Structures are given as structure tokens and as C-alpha cells.
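Close look at the chain arrangement
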Amino acid sequence: MDHTPPPFFKRGPAPLVRLFFFASLSLALLVVDARFRYVDGLRTWLALAAYPLQRAATWPIDIAVSVGGYFSTQANLIEENERLRAQALANMQDAQRYHALQAETAELRRIIGAIDKLEVQSTPAEVLYLSRDPYAHKLFIDRGSVQGVRPGSPVADDTGVVGQVTRVHPLLSEVTLLTNPDQAIPVQVVRNGLRAVAFGGGASGMIELRYMPANAEVQNGDRLVTSGIDGTYPAGLAVATVVRVERDEERSFARVICKPAAGIERGRYVLVLSNEAEGARPPRPDETQAKERRAEKTRRAKTKDKAAGDDSQ
Amino acid sequence: MIPSSSQILLPVRMSTIIASFALALFLNFLPWRDLRLVPDFVALVLAFWCVRQPRLVGLGVGWTLGLLTDAGNGVLLGQHALAYSVLAFLSVWLSRRILWFGPMLQSLHIVLILLVTQAAVLLVRLAAGDPFPGWPIIVGPLGGALLWPLVTWLLLLPQRRQEREQAI
């Protein structure tokens, strides 16, 4: 026990009153955050305050990696070198073929008069940590608005799509993983070009295709890639492999369970892709529709005025 | 052995409290493999200071730490703030009672407080429309309560050591 005497007269409000105050403040914040997103500015400042600790929390792993590297034997290194060289050779061949094919595609596109595809730019980023919340499937990367990351950019690692940037703070950004139940991504089956939308499966770590017709042609082992239809994800990135197809007699939809291609909760480095050049993106359909509707309205109003003028004459 | 509640301790330094909270936040931000199984260190340290120093650390500190945790984890702003306010209230309210017991029986009180805190977070998440994350979420509070005697020993060290030197 410490020996300061209790202050008899000055004790502030009773604990229950304080609990009531702070609980209502928290609930108000929760509602404002969940429904209206008014407090993103406050969140940015708080995230900036927590940043040094978050950054520091990645040191133990860096140290473990560097200590492990110090003790790695020469044999290991030689073996790894061999493997990497073989892989680089294979990659080189792929890259050459890719360039040839790209040139060919460009030629074909020119012939059929299609618009040139936008170049995909990528920024490498390091994964800081996974969100400490078993409900949210999110991770944090060490690139933020200062480095030019924009909300909505897709994030991929060397094997496939990881997720999408959902919130950008000055020095770090928040990536919602594909396994998040609220996250959807348009996909295409490589084998037959069938298009679908994949949703996160939550705690199972899988993703699933919902609302597929029961007779849809999907098999175990089918590879899914992004279809590029939404204009957010570039087309052709690996997303997942089908592991199970549940066709229920009673329901008219099949449920397709897929395993994500990327090491969604494992990798340390990711690429933030951005395929929207400023102003190159076509306007959203609702915007154009609204504009058309407005134009229609003014036209109608004008004709009405004209008619009224004609009547009065 | 003298019960912990009757030992005369040095007055606590503010720097100790701040350092302990920084360390707890650091431990929480470490990249753990399965977060449901890891005790919430901030909750544990907050409960400790609310029990030991109810006039220095209380609901305001808990609420601020909760906001920091929420922003750091990118979850709904206010869910941990609410949970830590409840935790601070319970700890301040029960502090005189808890200090009466030995470390093991104190842990039994703490496990209840931590479970109520976890339940507050769970309720907020369920209300926000998230699925139930499975029963392993109660492992974290249980582990936290097991760590309680260790936390008590560690956090009282700065208040105790010099006293022993003085006795010699």
C-alpha cells in the first residue's frame, strides 16, 4: 500500500458516473464510425501516435531474421543460390515470352482498334503486422499516403492477390484481406472463362463463390484469376484454386470453396498495385446516369416552357 | 511471508506507469500467429494499475488506451475504448477487495474482469454484424489471468527494490 492519505474532499465524480460518461462516449463514437465515417481524421491522428510502437513491434522479427542469417551455413547459401539461379532462369524465359506475347497482343489490339490497356504500376511494401482482432481480416503495410498509396489499390504478393487497401494513413495503410467476409473480388475460371464473384470465407481462411448456378461448370482444382471487370484489380492475377464444390439438391445455387493462391497470412513483402492513371478512369455509371437524367430533366423543362409559351401566344 | 497488501512500498513513479503501458502496447502489436490465444497485455496492465493506483489510473486512461488500440488495429473506433472503460471501472470498484487476497485468488477475480472485457468487445462486434469467432477467444483472458502473479511481481519491482536496500 502506498502511504499518501486519501483526499477526503476532492475525489471527482463517482466511478459509476464516469463509467456512464465514457461508455456513452464510446457508443457514440462506435455509431458515428460505423454508420457515418465522420471520425476518420481522428483515426488518422491516433494511428500516427501508435505508429512508433507498431514499427518497434516488428524489430524482434527483424533481429531474429538477421541473427538467423548470421548463422546460416555456406552449404545452405550455395544450395539457395543454385535454387534461385534456376528460378531466375525460368523467370527469364517467362519474361521473354511475356514480352513477345505483349507485343503480339498490342499488335492484335491495334488491329481490332481496342484501347491500350493501362500500365500497372507497383510499389513494394513490407507487412508490419496483422490486425490484433480475430474478427477483422486485415494487415498493415509500411507505405502510406506520403508514399502515394491510394485507397482502393489492389495488393498482391509473388503468388497472387492478397487484398485491397481500405484505409490510408500518412505512414502506413490498412489492407483488407481476401478472406474478410465483407471483401468481394471478381474472378474468372482460367479453364473456361466463366466469370463469378468471390467472397471472403472469414475464420476458415478460404474464399467462396456464392450464387453460382448448380450446373455451373466448376471442378476441383480449377484456377481462378481476376477478371479485371471492376476496373480495380488488373486482369489475370492469380486469386485461388477450387478445393470443394458443394451442390445441394435442395438449393438452386452451388457453393464453391477455394483456397487463396497468395500466402495471405504468411508473406512479409507485398506489392501495392495501382492501375488508375489520373483522369483515365471512366466515370462511374451512376454518375453518368445522374448526368443524363439531369440533362433529360432540363430538356423536358425547356420543352414544357416552350409549350407554355406557345399556349400563351 | 508478509501478504503483498501489507508491505510498505515506495510511492509509484509516473514514468513506471507510462513505460509499462508502452511495453504492453508493444506486446499487443507484436505479430502473433493466432490472436485469439494471446492474452491482451494492455488489459492486464490496465487492470493492475487500476487495482493498485485507482486514483492515478482509471477510466480516462483506459478509454484513451482503448482508442489507441482501436486506431492501431484499424477496427471500429470505440470498441476497445468501451471494453477498457468497463474493465477500469470493475478494477477500480473491486480494488480494495482484490488486494485483500493472495496472488492466486486475485487471478480468479482478474479472469472474471478480463472475460467481461472480452464479452464487451464480442457484443460490439456481433452488433456490427461480424460472425462469432469461435470459443478459443476465451483462452486469451484465461492466459491473462494466469500471467497475473507474474505481472504483479514485475510491475511492483521498481517500488520494492530500494526498500530492501534500505532494510539492509
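Structural data are supplied above this passage.
So, here is what we can say about the structure in this document. (Residues numbered from 1 in each chain as written. Chains lettered and ligands numbered in written order. Predicted model: local features only at pLDDT ≥ 70, side-chain atom pairs only at ≥ 80, totals over all residues.)

**Brief notes about the overall build of chain A**
Along the backbone of chain A there are five helices and twelve strands. Counting every position in chain A, which comprises 313 residues, the buried fraction comes to 26%. (Helix = DSSP H or I, 4+ residues; strand = E, 2+ residues; numbered from the N terminus. Buried ≥ 20, exposed ≤ 12 C-beta atoms within 10 Å, placed from the backbone.)

**Quick notes on the sheet that holds strand β2 (residues 138-141) of chain A**
What links the strands of a sheet is backbone hydrogen bonding, and the strands pair in either a parallel or an antiparallel sense. Residue and element names in this part refer to chain A. On the basis of which strands lie adjacent, the closed barrel formed by six strands has the order β1-β2-β5-β4-β3-β12 and antiparallel pairing. Between one strand axis and the next, the sheet turns by 45 degrees as a mean value, whatever way the strands run. Taken together, the six bridges between strand β1 (residues 121-130) and strand β12 (residues 269-274) define a ladder with antiparallel strand orientation. Paired with Gln-121 across the two strands is Ser-274, which belongs to β12. (Pairing = 2+ DSSP bridges. Axes fitted to C-alpha atoms, helices over the stretch in contact; angles between N-to-C directions.)

**What about the pairing of strand β4 (residues 161-168) of chain A?**
Residues and elements named next belong to chain A. Among the eight residues in β4, six count as buried, and that is most of the element. Here three bridges tie strand β3 (residues 154-156) to β4, and the two strands are oriented antiparallel to one another. Bridge assignment links Ala-156 to a residue of β4, and that residue is Val-161. The turn joining β3 and β4, which pair antiparallel and follow one another in sequence, is formed by four residues. Note that β4 and strand β5 (residues 173-177) share five bridges and pair antiparallel. Bridge pairing in β5 places Gly-163 opposite Leu-177.

**Quick notes on unusual backbone geometry**
A positive phi angle, near 55 degrees, is found at Tyr211(A), a position not held by glycine. By the secondary structure assignment, Tyr211(A) is in strand β8 (residues 207-213).

**Some words on the packing of helix α2 (residues 40-56) of chain A against helix α1 (residues 14-29) of chain B**
In the contact formed by α2(A) and α1(B), the axes pass within 8 Å of each other and the chain directions differ by 65 degrees. As for how α2(A) packs across α1(B), the hand of that crossing is right-handed. When α2(A) is examined against α1(B), the residues Leu53(A), Gln54(A) and Ala56(A) are found in contact with a partner set consisting of Ala22(B), Leu25(B), Phe26(B) and Phe29(B). Partitioned by chemical class, the residues of the contact of α2(A) with α1(B) number six nonpolar, one polar and no charged. (Left-handed = near helix turned anticlockwise from the far one by under 90°. Contact = placed C-beta atoms within 7 Å. Nonpolar A, V, L, I, M, F, W, Y, C, P; charged D, E, K, R; others polar.)

**Here's the deal with the sheet that holds strand β10 (residues 238-247) of chain A**
Residue and element names in this part refer to chain A. Spatially, the six strands close up into a barrel ordered β6-β7-β8-β11-β10-β9, and their pairing is antiparallel. This sheet shows a mean twist of 40 degrees between the axes of neighbouring strands, independent of strand direction. When strand β6 (residues 184-189) meets strand β7 (residues 195-200), the two strands line up antiparallel, connected through five bridges. Counterpart to Gln-188 in the pairing with β7 is Arg-195.

**Points about helix α5 (residues 103-127) of chain B**
Residues and elements named next belong to chain B. Helix length check: α5, at 25 residues, gives a terminal C-alpha distance of 36 Å against a target of 36 Å (1.5 Å per residue), a fit within 8%. Along α5, the residues classified as buried are Gln-106, Ser-107, His-109, Ile-110, Ile-113, Leu-114, Thr-117, Gln-118, Ala-120, Val-121, Val-124 and Arg-125. Looking one or two residues beyond α5, the residue adopting positive phi is Gly-129, at roughly 100 degrees. (Expected span 1.5 Å × (residues − 1).)

**Comments concerning the interface of chain A and chain B**
With 41 residues of chain A in contact, the opposing surface of chain B contributes 41 residues. Of all the secondary structure elements, the ones that give two or more residues to the side of chain A that touches chain B are α1 (15-36), α2, α3 (59-70) and β1 of chain A. Examining the composition of the side of chain A that touches chain B, we find that eleven residues originate from one element, α1(A), more than from any other. Across the side of chain A that touches chain B, the residue classes tally to 26 nonpolar, six polar and nine charged.

**Considering the environment of Val225(A)**
Residues and elements named next belong to chain A. One can find Val-225 in strand β9 (residues 223-226). Its 19 C-beta neighbours within 10 Å are what place Val-225 among the partly exposed residues. Taking the C-alpha atoms as reference, Val-225 lies 25 Å from Arg-167; in sequence the two are 58 residues apart. Ignoring sequence-local partners within four residues, the contact set of Val-225 consists of Val-187, Gln-188, Val-190, Gly-236, Leu-237, Ala-238 and Val-239.

**Section: the pairing of β8(A)**
All names here are of chain A. Of the pairings in the sheet, the one linking β7 to β8 comprises three bridges and is antiparallel in character. Of the residues in β8, the one forming a bridge with Phe-199 is Glu-208. Hairpin connection between β7 and β8: a loop of six residues separates the two successive antiparallel strands, and Gly-202 in this loop has a positive phi of roughly 75 degrees. Direction of pairing for β8 relative to strand β11 (residues 253-260): antiparallel, over a ladder of five bridges. Considered in β11, the bridge of Met-212 is made with Ala-254.

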